[in-house]
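# Summary of the model geometry
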Amino acid sequence: MNDLAPAPHRKARIATASLAGCFGCHMAILDIDERLIDLMKLVDVDRSPLTDKKRFTDRCDIGIIEGGCCNEENVHVLHDFRRNCDVLIALGQCAIMGGLPAMRNAIMHSDAPLRECLDEAYITGKYIRNTTHQVPNDPALPLLLDEVYPCAQVVEIDFQIPGCAPSGDIIFDTLAKLLNGKFRGFEPEMIKFD
């Protein structure tokens, strides 16, 4: 069944990004399956790892973010999306609540400071074979934040699609309704996870 309206005069522009997460939500976008063909008739994909476009080429109607914010680069990307997208969607639990990457928050707030954690991970760990005996410290590496933040704690998020990862069905349904101006929230059966 095709839930998408006929193509408007101008295709909608969509951008996506993956921050601190596993890329599973982007894989879930691909789980839209053959409906992706219908969706592509209505949208152009701008900045996205799916297209390997690293910068915005134009203003976007919808931005989709997966993953939380764990470093300065994530914050920069998230602010860039908020500036360049009319609607911003947090996709999946990492974007909504920090997800698995936020498990480090408990360590960061314990008695072990960041330096001790990095030493354990790169120098003194039982199975580490780091011949330099140094924690990687290169200007190309983004600085870590004090903790992993959900996207909504960094910028205003318009909609959240829950799940780890959300199903292709809920992603397609949300996008189809947004593109048709009919999204008013989720039907309970769409977000029931049992």
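All of the points below concern the structure found in this document. Just so you know, the residues in each chain are numbered from 1, in the order the chain's sequence is written. Only residues with pLDDT of 70 or above have their local features reported here, since the model is predicted, and side-chain atom pairs are shown and tallied only from 80 upward, although totals for entire chains, interfaces and linings are computed over all residues. To obtain the side-chain values, all non-hydrogen atoms of the structure were used and water was disregarded.

## As for the overall build of the chain
Selection criterion: Only runs of H or I of at least four residues qualify as helices and only runs of E of at least two qualify as strands under DSSP, and these elements are numbered from the N terminus. Burial status follows relative accessibility: with a 1.4 Å probe on protein chains alone, a residue under 20% of its type maximum counts as buried, one over 50% as exposed, and anything between as partly exposed. Contact definition: two residues touch when any of their heavy atoms are within 4.5 Å. All accessible-area figures derive from a Shrake-Rupley calculation using a 1.4 Å probe, and residue coverage is judged against the displayed protein chains alone.
Along the backbone of the chain there are seven helices and seven strands. Residues classed as buried in the chain amount to 40% of the 194 residues present. A fraction of 77% describes how many contacts in the chain between residues 6 or more apart in sequence connect residues 24 or more apart. With the model as given, the accessible surface of the chain reaches about 11,400 Å², and the carbon-plus-sulfur share is 55%.

## Details of unusual backbone geometry
The linkage connecting C164 with the following residue, A165, adopts the cis geometry, with an omega of -15°. Along the chain, A165 falls in the loop between β7 (159-161) and α7 (168-179). Look at D33: it is not a glycine, yet its phi comes out positive at around 60°. Phi is positive for D52, close to 65°, though the residue is something other than glycine.

## Describing the pattern of salt bridges
As a reminder of what qualifies: For salt bridges, the criterion is a side-chain nitrogen of Lys or Arg within 4 Å of an Asp or Glu carboxyl oxygen.
Scanning the entire structure with this criterion turns up twelve salt bridges. The salt bridge partner of D52 is K54, with a shortest N-O separation of 2.4 Å. Accessibility assignment for this pair places D52 and K54 in one class, exposed. For the salt bridge of D86 with R59, the shortest nitrogen-to-oxygen distance reads 2.8 Å. Here R59 lies in the loop between β2 (43-45) and β3 (60-66) and D86 lies in strand β5 (residues 85-91), a separation of 27 residues in the sequence. Since its relative accessible area comes to 39%, R59 is described here as partly exposed. In the salt-bridge network here, residues are joined through shared partners; they are K11, R13, D44 and D46.

## Details of the sheet that holds β2
Rule in force here: Only strands joined by at least two bridges in the DSSP assignment are considered to pair. For helices, the fitted axis covers only the stretch in contact; all axes are lines through C-alpha atoms, and the angles between them, taken along N-to-C directions, range from 0 to 180 degrees.
The parallel open sheet is built from five strands, whose spatial order is β2-β1-β3-β5-β7. Edge positions in the sheet fall to β2 and β7, since each of these pairs with one other strand and no more. Each strand axis lies, on average, 25° off the axis of its neighbour in the sheet, ignoring direction. Relative to β3, strand β1 (residues 12-18) is paired through five bridges, and the arrangement is parallel. Note that in β3 the partner of T16 across the bridge is I64. Seen against the sheet, helix α2 (residues 35-42) touches β1 and β2 and runs at an angle of roughly 95° to β2.

## Some thoughts on the layout of surface pockets
Cut-off, in case you're wondering: Here a cavity is any set of points on a 1 Å grid over the protein atoms alone where a 1.4 Å probe fits but cannot get out, and a pocket is any open set with protein on both sides within 12 Å along at least 5 of 7 lines; a residue lines the site when it has an atom within 4 Å of a point. Grid points are joined across faces, edges and corners, and a volume is the space filled by probe spheres set on the points. Ten residues, namely Ala, Val, Leu, Ile, Met, Phe, Trp, Tyr, Cys and Pro, are considered nonpolar, four, namely Asp, Glu, Lys and Arg, are considered charged, and the remaining ones, Gly among them, are considered polar.
In this structure, the largest pocket encloses a volume near 440 Å³. If you go around the largest pocket, you meet 14 residues; those closest to its centre are L118, V135, P136, P142 and L144. Class assignment of the residues belonging to the lining of the largest pocket gives a composition of eleven nonpolar, one polar and two charged. For the second largest pocket, the calculated volume is near 330 Å³. Taken together, 17 residues line the second largest pocket, and the ones lying closest to its centre are R47, K53, K54, E73 and V77. Of all the secondary structure elements, the ones that give two or more residues to the lining of the second largest pocket are β1 and α3 (72-84). Of the residues forming the lining of the second largest pocket, the biggest block, five residues, is contributed by α3. Looking at the lining of the second largest pocket residue by residue, the classes come out as five nonpolar, five polar and seven charged.

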